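Coordinate analysis (summary)
Chain by chain, the residues run as shown.
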Amino acid sequence: MSATPDPLALRASLSAALDGGAPVVLGEPVRAVVPDGVALVLRTSGSSTGVGRPVALSAQALLASADATHRRLSGPGRWVLNLPPVHVAGVQVLVRSVRAGLEPVVVPPGPFEPEVLATTLRAAPMDAPLYLSLVPTQLHRVLAAGGAALAALARCSAVLLGGAAASATDLARARAAGVPVVTTYGMTETSGGCVYDGLPLEGVRVRIRDDRVLLGGPTLAECYLDDGPQPFERDADGRWFLTSDAGEMSPDGRLTVLGRVDDVIISGGVKVHPAHVERLLQPVVGEVIVVGVPDPEWGSSLTAVVTRPCSLRELRDAVGHGPDAPRAVVVVDALPTRGPGKPDRRAALTLATAALGDQDASTSPA
């Protein structure tokens, strides 16, 4: 398959693979033997290394994910393909459309434009529940456009939002406008989103061990098809995938993801989860990526990379002037992203380091 396959041709190939045909391999070819029962080989987005790993997903896992999603929502429906079908969120739109027996509605290719999405949604058949998947950056842009673009989202029975942490402010604005947003958490290794609004889908299990999130259930991948480590384990309760995320469970069984374990910034000897700081800053600045710029005194200087001009005092007031408070702010035209709209922390760190080195950023005295 090419890097940007034709969505309808890919859907046909996936349909055949789910029925026991040849597996679909997206991205670079793999040298390893593809195990029996695998319907899809899909590379991860490379969150920590920048290089994706090939994941083997069985037909059983993909269908279990699609069925559990439909049971959580309003049943099988018509899916709108807005994300590129080279990452799991986009591919799952096609898998779910196969399972529902309905052709997907495909948004025209090109850079994301709220008005184009709105036009596509308004023209979509309403013969079944209408579903859409977005990443937080796209929802933010729809909210900024407002008007008809925002109203079009309200036609959907559910708008799945995943791939990165969503702004609480954006979620509240969207829901107030009648948009049925459902936040999702998952990854390629779990056949996509497997926790919706903090609650696991049917059959999915969540465990926290040493602050790390472990996921189990029928949606798990078979393995990685490379020579790297295999973060899967088995115990009396079944198979588990050891994610790279820190999290905690509430007494009612709701998962809160604190951020990636390897994203933790140590500043002045204190461990800081950047995703936590970002959630506190989003009501003030909207889009933000928090990074740790190397600093001789602090080890890492907590730096907010934002798209809206603001003072450092505003940001520190929002966080509370404790160890989680930014010590610098860098303003850019647009936040760097990778894959399906995920924030690119490596690129943001490069931008922030260069800006601070050029003395173009605002910094705090202590």
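Higher on the page you've got the structure.
Heads up: these notes are all about the structure in this document.

The rules behind these values
- Residues numbered from 1 in each chain as written.
- Predicted model: local features only at pLDDT ≥ 70, side-chain atom pairs only at ≥ 80, totals over all residues.
- Heavy atoms only, no water.
- Core = buried A, V, L, I, M, F, W, Y, C linked by side-chain atoms within 4.5 Å.
- Buried < 20%, exposed > 50% of the residue type's maximum accessible area, 1.4 Å probe, protein only.
- Helix = DSSP H or I, 4+ residues; strand = E, 2+ residues; numbered from the N terminus.
- Contact = heavy atoms within 4.5 Å.
- Axes fitted to C-alpha atoms, helices over the stretch in contact; angles between N-to-C directions.
- Parallel < 35°, antiparallel > 145°, perpendicular 65-115°, else oblique.
- Left-handed = near helix turned anticlockwise from the far one by under 90°.

Observations regarding the nonpolar core
One finds Leu14, Leu18, Leu40, Leu73 and Leu215 to be the most contacted residues of the largest nonpolar core, which totals 45 residues. At six residues, the largest contribution of residues to this core is made by helix α3 (residues 88-100). In this view, Leu215 contacts Tyr185, Met187, Thr190, Cys194, Val195, Arg205, Val206, Leu220, Arg239, Trp240, Phe241 and Thr243; residues no more than four positions away in its chain are not counted. Grouped together as the second largest cluster of nonpolar side chains are 26 residues, Phe112, Leu134, Leu153 and Leu161 included.

Quick notes on the packing of helix α1 (residues 7-18) against α3
Contact geometry of α1 with α3 gives a least axis separation of 9 Å together with a crossing angle of 60°. The angle between α1 and α3 places the two elements in the oblique class. Handedness of the α1/α3 crossing: right-handed. Contacts between α1 and α3 involve Pro7, Leu10, Arg11, Leu14, Ser15 and Leu18 from the former and Val91, Leu94, Val95, Ser97 and Val98 from the latter.

Topic: the environment of Asp197
When you line up the elements, Asp197 lands in the loop between β9 (192-196) and β10 (199-200). Once the C-alpha coordinates of Asp197 and Trp79 are considered, the two residues, 118 residues apart in sequence, prove to be 19 Å apart. Sequence-distant contacts of Asp197, defined by excluding residues within four places in its chain, comprise Arg175, Val181, Val182, Thr183 and Arg254.

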